[in-house]
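Residues per chain are reported as follows:
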Amino acid sequence: MICEKCGEEFSLSRAKLGYKTCLECGEEEAQRETKRKSKCVAPAYNKGAYQYVTSKSCVVGIYGKK
Ligand SMILES: [Zn+2]
């Protein structure tokens, strides 16, 4: 498989997991994602979790899925 970001080749097993980028680009993406979500996720570790989670999409991100 070829990374759609940098054009480097990456393993098929990774592609099977649904990735379209190589490990390097994927990690970059994941880190950006974590930063974007940190605002939503952080309150979940506090006692008054629900009070701080105001965005519906944030709630779904934390309590939905999985
Ligand atoms: Zn790449």
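Scroll up for the structure.
Described below are features of the structure shown in this document. (Residues numbered from 1 in each chain as written. Predicted model: local features only at pLDDT ≥ 70, side-chain atom pairs only at ≥ 80, totals over all residues. Heavy atoms only, no water.)

For the zinc ion, the full set of protein donor atoms is Cys3 (SG), Cys6 (SG), Cys22 (SG) and Cys25 (SG), at a range of 2.3 to 2.4 Å. For the zinc ion, the four donor atoms in the first shell make angles of 105 to 119° at the metal, so the coordination geometry reads as tetrahedral. Between consecutive donor residues of the zinc ion, the sequence gaps follow C-x2-C-x15-C-x2-C. The residues Cys22 and Cys25 share a single accessibility class, namely buried. (Donors = N, O, S within 2.8 Å, 3.2 Å for Na, K, Ca; no water. Tetrahedral: all angles 85-135°; square planar, octahedral: opposite > 155°, others 65-115°. Buried < 20%, exposed > 50% of the residue type's maximum accessible area, 1.4 Å probe, protein only.)

Our next topic: the nonpolar core. Grouped together as the largest cluster of nonpolar side chains are five residues: Cys3, Phe10, Ala15, Cys22 and Cys25. Setting aside anything within four residues of it in sequence, one finds Ala15 in contact with Met1 and Phe10. (Core = buried A, V, L, I, M, F, W, Y, C linked by side-chain atoms within 4.5 Å. Contact = heavy atoms within 4.5 Å.)

For side chains bearing opposite charge, pairing can occur when the charged atoms are close. If you walk through the whole model with that rule in mind, you get two salt bridges. Lys5 is paired through a salt bridge with Glu29; the nearest N and O atoms lie 3.2 Å apart. With Lys5 in the segment before helix H1 (12-16) and Glu29 in helix H2 (residues 23-41), the pair connects residues that are 24 residues apart, well separated along the chain. With a relative accessible area of 40%, Lys5 lands in the partly exposed category. Glu29 is the salt-bridge partner of Arg32, the closest N and O atoms lying 3.0 Å from each other. Taken together, the residues span about one helical turn, with Arg32 and Glu29 both in helix H2 at a distance of three residues. Given a relative accessible area of 49%, Arg32 falls into the partly exposed group. Residue classification places Glu29 among the partly exposed residues on the basis of a relative accessible area of 38%. Linked through salt bridges whose partners overlap, the residues forming this network are Lys5, Glu29 and Arg32. (Salt bridge = Lys/Arg side-chain N within 4 Å of Asp/Glu carboxyl O. Helix = DSSP H or I, 4+ residues; strand = E, 2+ residues; numbered from the N terminus.)

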